[in-house]
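Notes for the structure review
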Amino acid sequence: MTETFSGSFTQQEPIPDEAIEAALAVLRHGRLHRYNLARGEQGETALLEQEFAAQTGARYCLAVASGGYALATALRAVGVGPGDAVLTNAFTLAPVPGAIASVGARPVFVGVTESLTIDLDDLEAKAGMARVLMLSHMRGHLCDMDRLMQICDDAGITVIEDCAHTMGAAWNGVSSGRQGAVGCYSCQTYKHVNSGEGGLLVTDDEEIAARAVMMSGSYMLYERHLAAPGPEVFERIKYHTPNISGRMDNLRAAILRPQLRALDAQVARWNERYQRIEAGLRGTPGLTVIERPEAETYVGSSIQFLLLDWAADKVQEVLRRCIARGVELKWFGTPEPVGFTSRYDSWRYAESAPMPASDRVLAGIVDMRVPLTFSLEDCDLIARIIRAEVGAVWQNG
Ligand SMILES: *Cc1c(COP(=O)(O)O)cnc(C)c1O
C-alpha cells in the first residue's frame, strides 16, 4: 500500500480564544486606530510594543503594517537613500530586495553557503561596497553571528536584521534581531504569530526609534507610545522626518499580544515537529540534511534539505512524486519564480553578477513548511514519503 498525506501545508492554527476575546473588545469599543484612546487608556498597539520590547530585551519597539514596511522603515531610519548600495542575501524572499528598491537603493547580493546562511567570506570581500547590510535570516538559519558582527563592525557597516523567520530564535542566547542596529519581524499569517498582516521593529538607538515612529505615521502623537524615546529626541528629528503612514491598528495588536505570550511554547511545538521530520530524513542517500549549529536556537516552522548536484529534471521528478502523495515541496532551483520562491537573478530590477557557488546551492535547496496543524504522526509520514521518493529517483540514477 502506498501511503499518502492529506493535510494542508498552508493551514495554520486558529487564533486563540483569548486573542479573539481581545479583538472583540476592541471591535465593541470601536477605537481601532492606535491613537484613538479613551482618557487614561493605554491602547493595544502601545502595549504590544511595550511587551515585545521586554520580550526581546530591546529599549524601543514599533508596531507597523507589515514586515516589509518594517524593513523599508529601518533602511530609511538608518539613513539609506536613493542610489545607495545595500548588501543583502542572494538567498531570501522578494520583500527583502523589494524593501531596498522601495527606498531607491540598490541591493548588492552576498552568496549563500551549504548551511543556507550568508557566505561570510563573500561578505568580507564585499564589505567595502556598502554602509548597510540587510541580513535576512532566511528560513530561520542563523549564520555565525559573532563573525558577522565582527566583519560589519570592522567595516563600519550598520546591520538591519530581517527576522521574518526567526521570531523566537536566538544566537548564543541573544534574541534574533538584537545583534544588529535594528531587528524587523513579520506578523503575517505564514510567520510565527498571525495577525494576517503586521510587522514589528526593535532597536536600542533612540534616533532610529524616533525616526521610525515619525515615519510610521505618528503625526505629533508620539507621546502616546510606551516603547519610544522621550519627547526631547523627537524634538531633534520631527521637522525633518516625513510621515509615510504604515501604522499597526489596535485590532491586530489585540490579536498578537496573547500569541506573543505563547511564543516559547509554540516554538517548542514547531521544533518537535521539525526534529521528527529531520530524524526521518537523515541518512537518505543523495539527500543532505542541514546541520544546525549548537549556538543557534531555531524555530522549525519550515524545513530545508539539499539535493546537491542533482540534475534539474531529477529534482523536479522528486517534487512531482511527492506532490502526488500529498507532500508539497518548494524548490529554489527553478529558473522561473513560482509562488513564494524566487532568487537573486529573478529580481531583474536589481543588477547582479553570476554567483556560481551560490547557484549550485540554490539549485539544490528543497523547502517545506511545517504548520502546527501537523501532528507528530503526520511528520513521520511526510518524512517516510520524501525518503521513499528521493530514494526511488536516486536509485534510477
Ligand atoms: C514574509 C517575509 C518578509 C516580509 O514580511 P511581510 O509581513 O509579508 O511584509 C520579509 N522577509 C522574509 C524572508 C519573509 O519571509
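Please refer to the structure placed before this passage.
Okay, so let's go over this structure. Computed from a predicted model, the values in this text were never measured in an experiment. (Residues numbered from 1 in each chain as written. Predicted model: local features only at pLDDT ≥ 70, side-chain atom pairs only at ≥ 80, totals over all residues. Heavy atoms only, no water.)

For the rest of this paragraph, the subject is the overall build of the protein. Scanning the protein from N- to C-terminus turns up 13 helices and 14 strands. Along the first, second and third principal axes, the C-alpha atoms of the protein reach 70 × 50 × 35 Å. For the protein, buried positions account for 56% of its 397 residues. Counting every atom, the protein has about 16200 Å² of accessible surface; 50% of that belongs to carbon and sulfur. Averaging the positions of the 37 positive and the 49 negative side-chain charges in the protein gives two centres separated by 5 Å. (Helix = DSSP H or I, 4+ residues; strand = E, 2+ residues; numbered from the N terminus. Buried < 20%, exposed > 50% of the residue type's maximum accessible area, 1.4 Å probe, protein only. Areas by Shrake-Rupley, 256 points an atom, 1.4 Å probe, with all protein chains shown as cover. Lys, Arg positive; Asp, Glu negative; His and termini not counted. Charge placed at Lys NZ, Arg CZ, Asp CG, Glu CD.)

Another point: helix H6 (residues 145-155). Taken residue by residue, H6 has Met145, Leu148, Met149, Ile151 and Cys152 as its buried positions. The buried side chains of H6 occupy one side of the element, clustering within an arc of 160° when seen end-on. Exposed side of H6, more than 90 degrees from the buried face: Asp153 and Asp154 are the residues found there. In this fold, the buried residues of H6 make contact with helix H5 (120-126), strand S4 (132-136), strand S5 (158-162) and strand S6 (170-171). Put simply, Asp144 is the residue that caps the front of H6, since its side-chain oxygen is 3.1 Å from the backbone nitrogen of Asp146. Among the residues trailing H6, Gly156 stands out with phi positive, at a value near 70°. (Arc of directions from axis to C-beta. Contact = heavy atoms within 4.5 Å. Polar contact = N/O pair within 3.5 Å; in protein donor to acceptor, adjacent residues only side chain to side chain.)

On inspection of all chains with the given rule, the structure shows 11 aromatic pairs. On the basis of an interplanar angle of 75° and a centroid distance of 5.6 Å, the ring pair of Phe5 and Phe9 is categorised as edge-to-face. With centroids separated by 5.0 Å and ring planes inclined at 90°, the aromatic side chains of Phe91 and Phe332 adopt a geometry described as edge-to-face. Of the two residues, Phe91 is situated in the loop between strand S2 (85-89) and helix H4 (95-102) and Phe332 in the loop between strand S13 (330-331) and helix H12 (356-362); the sequence distance between them amounts to 241 residues. A relative accessible area of 1% means that Phe332 is categorised as buried. Among the aromatic residues, those joined into a cluster by ring pairs are Phe5, Phe9 and Phe374. Against the face of Tyr190 rests Arg369, its NZ or CZ located 4.5 Å from the ring centre. (Phe/Tyr/Trp six-rings, centres within 6.5 Å; stacked < 30°, edge-to-face > 60°. Lys NZ or Arg CZ within 6 Å of the ring centre and 35° of its normal.)

Inspection of every chain in the model, using the stated rule, returns 31 salt bridges. Put simply, Glu114 and Arg360 hold a salt bridge, and the shortest N to O gap is 3.0 Å. Taken as a pair, Glu114 in the loop between strand S3 (106-110) and H5 and Arg360 in helix H12 lie far apart in primary sequence, 246 residues in all. For Glu114, a relative accessible area of 41% gives the class partly exposed. Each member of the salt-bridge network shares a partner with another, and the members are Glu18, Glu44, Glu51, Arg257 and Arg261. (Salt bridge = Lys/Arg side-chain N within 4 Å of Asp/Glu carboxyl O.)

This next bit is on the site of the ligand. The immediate surroundings of the ligand are formed by 16 residues, with Gly68, His165, Ser186, Gln188 and Lys191 found nearest. Within the side chain of Asp162, a nitrogen or oxygen atom sits 2.9 Å from a nitrogen atom of the ligand. A distance of 2.6 Å is found between an oxygen atom of the ligand and a side-chain nitrogen or oxygen belonging to Gln188. Relative to its unbound accessible surface of 380 Å², the ligand loses 91% to contact with the protein. Elements with a minimum of two residues in the shell around the ligand: helix H3 (67-77) and H4. The element contributing the most residues to the shell around the ligand is H3, with three residues. (Near = heavy atom within 4 Å.)

Okay, the pairing of strand S1 (residues 60-64) next. The element S1 is extensively covered by neighbouring structure, given that five of its five residues are classed as buried. Here S1 runs beside strand S9 (residues 199-203); their pairing, made up of five bridges, is antiparallel. Within S9, the position partnered with Cys61 by the bridge is Val202. (Pairing = 2+ DSSP bridges.)

On to the environment of Arg321, then. Locating Arg321 in the fold gives a position in helix H11 (residues 312-324). Note: C-alpha distance between Arg321 and Ile386 (65 residues apart in sequence) is 8.8 Å. With sequence-adjacent residues up to four places away left out, Arg321 is seen in contact with Glu389, Ala392, Val393 and Asn396.

Spatially, the seven strands line up as an open sheet ordered S1-S9-S8-S5-S4-S2-S3, and their pairing is mixed. For this open sheet the edge positions go to S1 and S3, each flanked by a neighbour on one side alone. Direction aside, the axes of adjacent strands within the sheet are offset by 20° on average. As paired elements, S4 and S5 share five bridges and run parallel to each other. By the bridge assignment for S5, Leu133 is matched with Val159. Sitting on the sheet, H4 touches S2, S3, S4 and S5, and the angle it makes with S3 is about 145°. (Axes fitted to C-alpha atoms, helices over the stretch in contact; angles between N-to-C directions.)

Just distances and angles here, no functional claims.
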